Amino acid sequence: MSVVVAEEGLTLAERAYRALCDRLVTLRIAPGTPINDEQMAAELGVGRTPVREALKRLEADRLVVSYPRRGTFASEVQITDLGHLTEVRLRLEPLAADCAARRAGAGDRAVLSRLLEELDAAAGREVGELLALDLRLHRALYTATANPFLQDTLVRYDNLATRIWCLFLDRLPGLAGHVGEHGPLVRAVLAGDGDRAAALAAEHVEHFESAIRSLL
């Protein structure tokens, strides 16, 4: 279920951050699990210092929590955060979609086109592959906004929302359909139709919350 992409040119701390973030977001490091920096350094093939730097960033992202004299743990998934996340994402996701439609450069468009081809061929894929594709689509759309502040903010909120999603993954019906909602959205972005892209992004966020709440 890994979503880590090419790592050329990354610092060791950035490599460690991406790898740990991937595991935390997809719950391969389960909520509440203690995180041993020495063990993680050995697993990732880096030193303890890059792992410690990564953990500081992950704490700011609310993906881990540190306690004096107790250590660092994967943060718990708070279902009560769903409403707060939706409130923010309903404003920012449509903004990002509109910005992407207006600003996507040639490189962004090439990435989105390739992901669209993957999406069109995604029928029958396993859950982990669909989840990874969903995350990559979101990241590509955020990058296409050409606004690093909006991109960073939405990645953080999407990570927290995805953790909630993963908590219910085995009970959520229609995963392929949910991921498939990106198809019309990406096409609207590629067509430069910001209004339609924004409307579809809002619907996607609303559908996500409705699906989770139907299980509570």
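Definitions and cut-offs
Residues numbered from 1 in each chain as written. Predicted model: local features only at pLDDT ≥ 70, side-chain atom pairs only at ≥ 80, totals over all residues. Heavy atoms only, no water. Helix = DSSP H or I, 4+ residues; strand = E, 2+ residues; numbered from the N terminus. Rg over C-alpha atoms; globule rule 2.2 N^0.38 Å. Buried < 20%, exposed > 50% of the residue type's maximum accessible area, 1.4 Å probe, protein only. Contact = heavy atoms within 4.5 Å. Areas by Shrake-Rupley, 256 points an atom, 1.4 Å probe, with all protein chains shown as cover. Lys, Arg positive; Asp, Glu negative; His and termini not counted. Charge placed at Lys NZ, Arg CZ, Asp CG, Glu CD. 1 Å grid on protein atoms, 1.4 Å probe; cavity = no way out; pocket = protein on both sides within 12 Å on 5 of 7 lines; lining within 4 Å. Points joined across faces, edges and corners; volume = space filled by probe spheres on them. Nonpolar A, V, L, I, M, F, W, Y, C, P; charged D, E, K, R; others polar. Pairing = 2+ DSSP bridges. Axes fitted to C-alpha atoms, helices over the stretch in contact; angles between N-to-C directions. Expected span 1.5 Å × (residues − 1).

1. Notes on the overall build of the protein
Of the regular secondary structure elements, the protein holds ten helices and three strands. Counting helices and strands in the order they occur from the N terminus, the protein gives α-β-α-α-β-β-α-α-α-α-α-α-α. For a compact globule of 216 residues, the expected C-alpha radius of gyration is about 17 Å, and the protein comes in at 17 Å, within 12% of that figure. On the principal axes, the C-alpha backbone points of the protein span a range of 50 × 45 × 35 Å. Counting over 216 residues, the protein shows a buried share of 47%. Of all intrachain contacts in the protein linking residues separated by at least 6 positions in sequence, the fraction that spans at least 24 positions is 71%. Carbon and sulfur atoms make up 51% of the accessible area of the protein, which amounts to about 10800 Å² in all. A gap of 4 Å separates the mean positions of the 26 positive and 31 negative side-chain charges of the protein.

2. Re empty space enclosed by the protein
Under the defined criterion, the tally for this structure stands at two cavities of 30 Å³ or more. Estimated volume of the largest cavity: approximately 80 Å³. As for the largest cavity, its lining consists of E93, A96, A97, H138, L141, Y142, H182, L185, A201 and H204. Among the elements of the structure, α4 (81–103), α6 (127–143), α9 (182–190) and α10 (194–213) are those that each provide at least two residues to the lining of the largest cavity. Broken down by class, the residue content of the lining of the largest cavity amounts to six nonpolar, three polar and one charged. As for the second largest cavity, its lining consists of R89, D134, H138, D158, A161, T162, W165, H178, H204 and F208. Taken together, the residues of the lining of the second largest cavity sort by class into three nonpolar, four polar and three charged.

3. Section: the sheet that holds strand β3 (residues 71–74)
Note on sheets: strands pair through backbone hydrogen bonds, and any given pair is parallel or antiparallel. What the three strands build is an open sheet, ordered β1-β3-β2; its pairing is antiparallel. Lying at the two open borders of the sheet, with one neighbouring strand each, are β1 (34–35) and β2 (64–67). Pairing geometry for β1 and β3, over two bridges, is antiparallel. Bridging from a neighbouring strand, P34 pairs with F73 of β3. Contacts between helix α3 (residues 48–60) and the sheet are confined to β1, β2 and β3, with β2 contributing the most and set at about 110° to the helix.

4. Focus on α10
The first and last C-alpha atoms of α10 sit 29 Å apart over 20 residues, in line with the 28 Å expected at 1.5 Å per residue. Residues of α10 that are buried include every one of G194, A197, A198, L200, A201, A202, H204, V205, F208, E209 and I212, and no others. Along its buried surface, α10 packs onto α4, α6, α7 (148–167), α8 (175–180) and α9.

5. Topic: the side chain of H178
One can find H178 in helix α8. With sequence-adjacent residues up to four places away left out, H178 is seen in contact with D134, W165, H204 and F208.

Function-wise, these values are silent; they only describe arrangement.
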